[in-house]
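Notes for the structure review
Take a look at the letters that make up each chain.
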Amino acid sequence: MPLDILTIGEALVEVMRADIDQPLDQPGPFVGPYPSGAPFIFAVQAARLGMRTGAIGSVGVDAFGDCLLNQLEADGVVADGVRRSPDETTGVAFVAYQADGSRSYVFSLGGGITSDMLKPALFEGLRCFHIMGSTLSMSESVLTVCQKALEMAIEAGALISFDPNLRPELLPPGEARIAFAPFLAAADIFLPTEAELLQLTTAGAVEGAIEELLARRPDRAIVVTRGADGCSVYSADGRIDVPGCAVDEIDPTGAGDCFDAGFVAGVLGGKSALEAAQLANACGALAVSAKGPMAGAKSRAEVERFMLSQR
């Protein structure tokens with residue numbers, strides 16, 4: 001059966017500081033591991049929304065690999081593209097939270113992604129290919145593989161969804177603009193923050209950046225995310241501002257990934273831009289309501305109940 005959504009990228013677990021304002025360069029308690037990796041958080045949320053979702057990545061033959069793969073199996077994510085290698089270790093992200101809401105990371109990325117992992121069967125009949133800038137920032141070799149995956153998805157007639165997910169600790173913004181250019185050019189759905197939008201275009205203001213991107217591809221949707229304030233959807237038809245949802249924040253990790261999954265699932269489900277953005281906002285809000293990157297990713301029924309409560 002063809003996939004609705006396929007994503008690719010860093011498969012890892014997350015180990016986080018137990019309390020706020022505990023720096024990573026000093027001794028202190030951690031909690032975890034939690035299954036994580038931005039593309040895999042996205043995949044789990046999409047699957048919980050009812051999308052037939054697959055993922056491509058690499059883990060080691062170790063307990064952390066078990067942690068992630070067990071979660072994928074529980075959620076029905078097609079893991080045919082996930083390689084298990086005895087010569088590699090599963091990636092780990094160590095995370096610290098600051099009182100101002102910011103986060104700091106130390107990454108120990110695991111196995112790489114190679115072209116032999118791009119199984120043609122995963123792309124046959126594919127409806128949407130979702131790619132993230134954090135993946136493109138892993139290495140030159142991974143970037144090359146992702147360019148091949150992009151070509152295969154386009155050949156399959158899939159929509160292309162791109163979240164720049166800039167990680168300056170992996171790739172400086174100037175280099176990212178060059179590396180991300182083919183993916184931005186191909187994106188039918190582009191999901192940046194305001195800061196990312198400005199860093200990846202030549203414009204000095206949001207409206208100018210939107211005009212620049214729509215001039216290149218007037219048929220695309222640009223969804224500018226604004227955290228708790230919701231999002232704005234820009235297209236050739238104009239701008240739609242969609243307010244955020246009220247929720248108590250416990251753990252912000254994965255909010256953007258769940259937002260992406262909500263919007264893509266909405267589009268593939270035939271929803272209007274407004275409806276897809278409302279679904280995305282709800283998924284992003286719920287994502288921060290539980291400890292652990294995937295713990296706040298809810299089923300479609302749970303998301304819809306939450307949306308009704310917000311109204």
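Residues numbered from 1 in each chain as written. Predicted model: local features only at pLDDT ≥ 70, side-chain atom pairs only at ≥ 80, totals over all residues. Heavy atoms only, no water.

**Some thoughts on the environment of Gly133**
Basically, it comes down to this: Numbering of helices and strands starts at the N terminus; helices are DSSP runs of H or I of at least 4 residues and strands are runs of E of at least 2. Whether two residues are in contact is decided by their heavy atoms, any of which lying within 4.5 Å being enough.
As for its position among the elements, Gly133 is in helix α4 (residues 133-136). Considering only alpha carbons, one finds Gly133 and Leu171, 38 residues apart in sequence, at a separation of 9.3 Å. Setting aside anything within four residues of it in sequence, one finds Gly133 in contact with Phe162, Asp163, Pro164, Asn165 and Phe180.

**Remarks on the layout of surface pockets**
Put simply, the rule is: Points on a 1 Å grid over protein atoms alone make up a cavity when a 1.4 Å probe fits among them but cannot get out, and a pocket when they form an open set with protein on both sides within 12 Å along at least five of seven lines; lining residues each have an atom within 4 Å of a point. Grid points are joined across faces, edges and corners, and a volume is the space filled by probe spheres set on the points. All residues other than Ala, Val, Leu, Ile, Met, Phe, Trp, Tyr, Cys, Pro, Asp, Glu, Lys and Arg, Gly among them, are scored as polar; the first ten of these are nonpolar and the last four charged.
The calculated volume of the largest pocket comes to roughly 1,200 Å³. As for the largest pocket, its lining consists of 49 residues, of which Arg103, Pro252, Gly254, Ala255 and Gly256 are closest to the centre. Elements with a contribution of two residues or more to the lining of the largest pocket: β2 (12-17), α1 (38-48), β7 (103-108), α7 (194-199), α9 (255-268) and α10 (273-287). It is α9 that provides the largest number of residues to the lining of the largest pocket, a total of five residues. Taken together, the residues of the lining of the largest pocket break down into 23 nonpolar, 16 polar and ten charged. Considered as a void within the structure, the second largest pocket measures approximately 250 Å³ in volume. Around the second largest pocket, the lining comprises 17 residues; the ones closest to its centre are Arg220, Ala221, Val233, Ser235 and Ala273. Looking at the lining of the second largest pocket, the elements that each hand over two or more residues are β12 (231-235), β13 (238-242) and α9. Broken down by element, the lining of the second largest pocket gets its largest block of residues, three residues, from β13. Split into classes, the residues belonging to the lining of the second largest pocket amount to ten nonpolar, two polar and five charged.

**Here's the deal with the packing of aromatic side chains**
The line we're drawing: Two rings from Phe, Tyr or Trp (for Trp, the six-membered ring) form a pair when their centres sit within 6.5 Å of each other. Planes less than 30 degrees apart are called stacked, planes more than 60 degrees apart edge-to-face, and all others tilted. Only protein chains enter the accessibility calculation, which uses a 1.4 Å probe. A residue is then buried if its area is under 20% of the maximum for its type, exposed if over 50%, and partly exposed in between.
Overall, the coordinates contain six aromatic pairs when judged by the stated rule. Taking 6.2 Å as the distance between ring centres and 45° as the angle between the ring planes, the aromatic pair formed by Phe123 and Phe129 counts as tilted. A single burial state applies to Phe123 and to Phe129, both of which are buried. By the ring-pair criterion, three or more aromatic residues cluster together here, those being Phe162, Phe180, Phe183 and Phe190.

**Looking at the nonpolar core**
Basically, it comes down to this: Buried Ala, Val, Leu, Ile, Met, Phe, Trp, Tyr and Cys residues that are joined via side-chain atoms within 4.5 Å together make up what is termed a nonpolar core.
Of all hydrophobic cores here, the largest spans 50 residues; its most connected members are Ile5, Phe40, Phe263 and Val303. The biggest single contributor to this core is α10, with nine residues. The residues contacting Ile5, other than those within four sequence positions of it, are Phe42, Ala46, Met51, Arg52, Thr53, Gly54, Leu126, Cys128, Val264 and Leu268. By size, the runner-up hydrophobic cluster in this structure holds 47 residues, among which are Leu136, Ala149, Leu214 and Ile222.

**Examining the side chain of Asp257**
Which entries qualify depends on this criterion: By the counting scheme adopted, Arg and Lys are positive, Glu and Asp are negative, and His together with the chain ends is not counted. For this document, the term salt bridge refers to a Lys or Arg side-chain nitrogen within 4 Å of an Asp or Glu carboxyl oxygen.
In this fold, Asp257 is placed in helix α9. Buried charged residue Asp257 carries no salt bridge. Nearest counter-charge: Arg167, at 6.2 Å. Residue contacts for Asp257: discarding those within four places in its chain leaves Ala38, Ile41, Phe42 and Met132.

**Some thoughts on the sheet that holds β7**
Note the cut-off: Should DSSP find at least two bridges between two strands, the strands are taken to pair. Interaxial angle, 0 to 180 degrees, is taken between N-to-C directions of lines fitted to C-alpha atoms, where a helix line uses only the stretch in contact.
Pairing is mixed across the open sheet formed by four strands, whose spatial order is β3-β2-β6-β7. The open sheet terminates on both sides in strands that have one partner only, identified here as β3 (30-36) and β7. Across the sheet, the axes of successive neighbouring strands diverge by a mean angle of 25°, strand direction being ignored. Looking at chain direction, strand β6 (residues 91-97) and β7 are connected through six bridges and run antiparallel. Each residue of the ladder has a partner; that of Val92, found in β7, is Ser108. Contacts between helix α2 (residues 63-75) and the sheet are confined to β2, β3 and β6, with β3 contributing the most and set at about 50° to the helix.

**Considerations on the pairing of strand β11 (residues 221-225)**
Counting buried positions along β11 yields five of five residues, so the element is predominantly enclosed. The alternating pattern of β11 places Ala221, Val223 and Thr225 on one face and Ile222 and Val224 on the opposite face, and all of these are buried. As judged from the two bridges shared by strand β10 (residues 189-190) and β11, these two strands associate in the parallel manner. Note on β11: the bridge partner recorded for Ile189 is Ala221. Sheet analysis places β11 next to β12, joined by four bridges and oriented antiparallel. Note on β12: the bridge partner recorded for Val223 is Val233.

**Points about the side chain of Glu196**
This is how it is decided: Counted as a polar contact is a pair of N or O atoms within 3.5 Å, where, for protein atoms, one must be capable of donating a hydrogen and the other of accepting one, and residues adjacent in sequence contribute only when both atoms are in side chains.
The topology assignment puts Glu196 in helix α7. A distance of 3.0 Å separates a polar side-chain atom of Glu196 from the backbone nitrogen of Leu166. Here Thr193 takes part through its backbone nitrogen, which lies 3.0 Å from a polar atom of the side chain of Glu196. Those residues in contact with Glu196 that sit more than four places away from it in its chain are Asp163, Pro164, Asn165, Leu166 and Leu191.

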